[in-house]
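Here are the chains, one letter per residue:
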Amino acid sequence: MEQNPKPPPSNSASLEKGLALFNLIARDRGQTPLKELAAGLALPRSTLYRLINTLEGTGMITRLEHRRYDIGLPLAEALHGITPAGQLARLCRPALRQLASACGATAHLGVMENDMVTYLVKESATSVPAALSISVENTQLEAYCSGIGKVLLAWLPEAERARYLAGGPFVALTSRTITDPRQLRETLKTVKAEQFARDDGEIAEDLYCLAVPLLTSDQSVSAAISLTFTHAGQKKHDDATYLTRLRACAAKLSRASLATIQS
């Protein structure tokens, strides 16, 4: 009995395969021969070369020697200057602007770089009080005394966190700053257990901050967001109200920016 031929792949299936192949090439940047690079995709030979011809024909990739491929020149030029951190900031800014407005506060997005917190986004609901001028986009502040910094430290691999703590005792920026490494270690345990951090006048006397992680699918953390107030401004609601809004925003941003954070 004659069998019916297999139906051709759907457009969405072909697109998914093509994007998976392009993603491998874009990450590899011509280091690995095509056959070896694409082995994990389990594509038929004819399908593999059909996708390669399409990607090459549209300028998405370019052929190198020894059956290797890299991203095409037009795409490379279009992506010039776009960094994962910059893309993360673009993805997160609209939601952080809404969060700041809803809470009457200043919202931040930060990542850890060279043991310091780099602030990628700062969005404020109103004019920024003098105390809040301490944070500036694309500049750094110490991690041990900030809400975002404590979150990022709490989720560091154990060896990296131990190395960081070995650099203490730390400088007291206010009378409330935690400077003792042992006390900071215990604080970071609490931060991870409770899934949020608090800075109560530790980086500047009149500031109060709550921060939560942007969790990836494997529960690791590469970025965090926060709400910062003056102590007077914080009294409009209790912590639970702000944490609910922060966590809802973080969940939304984690889904939207997962690939960017992990790249």
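Located above this text is the structure these notes cover.
The shown structure was predicted, so the numbers you read here are calculated from the model rather than taken from an experiment.

What counts and what doesn't
Residues numbered from 1 in each chain as written. Predicted model: local features only at pLDDT ≥ 70, side-chain atom pairs only at ≥ 80, totals over all residues. Heavy atoms only, no water. Phe/Tyr/Trp six-rings, centres within 6.5 Å; stacked < 30°, edge-to-face > 60°. Buried < 20%, exposed > 50% of the residue type's maximum accessible area, 1.4 Å probe, protein only. Helix = DSSP H or I, 4+ residues; strand = E, 2+ residues; numbered from the N terminus. Pairing = 2+ DSSP bridges. Axes fitted to C-alpha atoms, helices over the stretch in contact; angles between N-to-C directions. Contact = heavy atoms within 4.5 Å. Salt bridge = Lys/Arg side-chain N within 4 Å of Asp/Glu carboxyl O. 1 Å grid on protein atoms, 1.4 Å probe; cavity = no way out; pocket = protein on both sides within 12 Å on 5 of 7 lines; lining within 4 Å. Points joined across faces, edges and corners; volume = space filled by probe spheres on them. Nonpolar A, V, L, I, M, F, W, Y, C, P; charged D, E, K, R; others polar.

Things to note about the packing of aromatic side chains
Taken as a whole and judged by the stated rule, the model has 3 aromatic pairs. An angle of 25° between the planes, with centres 5.5 Å apart, marks the rings of Tyr164 and Phe170 as stacked. By the burial criterion, Tyr164 is buried, and Phe170 matches it.

Overview of unusual backbone geometry
The amide bond that connects Gly168 to the next residue, Pro169, takes the cis arrangement and shows omega of 0°. The phi torsion at Ala42 lies on the positive side, around 55°, for a residue other than glycine. Structurally, Ala42 can be placed in the loop between α2 (34–37) and α3 (45–57).

Describing the sheet that holds strand β3 (residues 106–113)
Strand order in the open sheet made by the 6 strands is β5-β4-β3-β8-β7-β6, with antiparallel pairing throughout. What marks the edges here is a single partner per strand, and that holds for β5 (140–142) and β6 (197–200). Recorded for the sheet is a direction-independent mean angle of 30° between the axes of neighbouring strands. Examined bridge by bridge, β3 and strand β8 (residues 221–230) share 6 bridges and lie antiparallel to one another. If you follow Ala107 over to β8, its bridge partner there is Leu227. Lying on the sheet, helix α5 (residues 84–103) is in contact with β3, β4 (116–124) and β8; it crosses β4 at an angle near 50°.

A closer look at the pattern of salt bridges
Opposite charge on two side chains permits pairing when their charged atoms draw close. Applying the stated criterion to the full structure yields 11 salt bridges. A salt bridge links Arg93 to Glu123; its shortest N-O distance comes to 2.9 Å. You can see Arg93 sitting in helix α5 and its partner Glu123 sitting in strand β4, a full 30 residues away along the chain. Residue Glu123 is classed as buried on the basis of its relative accessible area of 11%. A salt bridge links Asp180 to Arg182; the shortest N-O distance between them is 3.7 Å.

As for empty space enclosed by the protein
Per the counting criterion, the structure on display carries 1 cavity of 30 Å³ or more. Of the pockets and cavities examined, the largest cavity occupies roughly 130 Å³. Surrounding the largest cavity, 15 residues form its lining, His108, Tyr119, Asp199, Ile203 and Thr228 being those nearest its centre. Listed by contribution, the elements that provide at least two residues to the lining of the largest cavity are α6 (147–154), β7 (207–215) and β8. Looking at the lining of the largest cavity residue by residue, the classes come out as 8 nonpolar, 6 polar and 1 charged.

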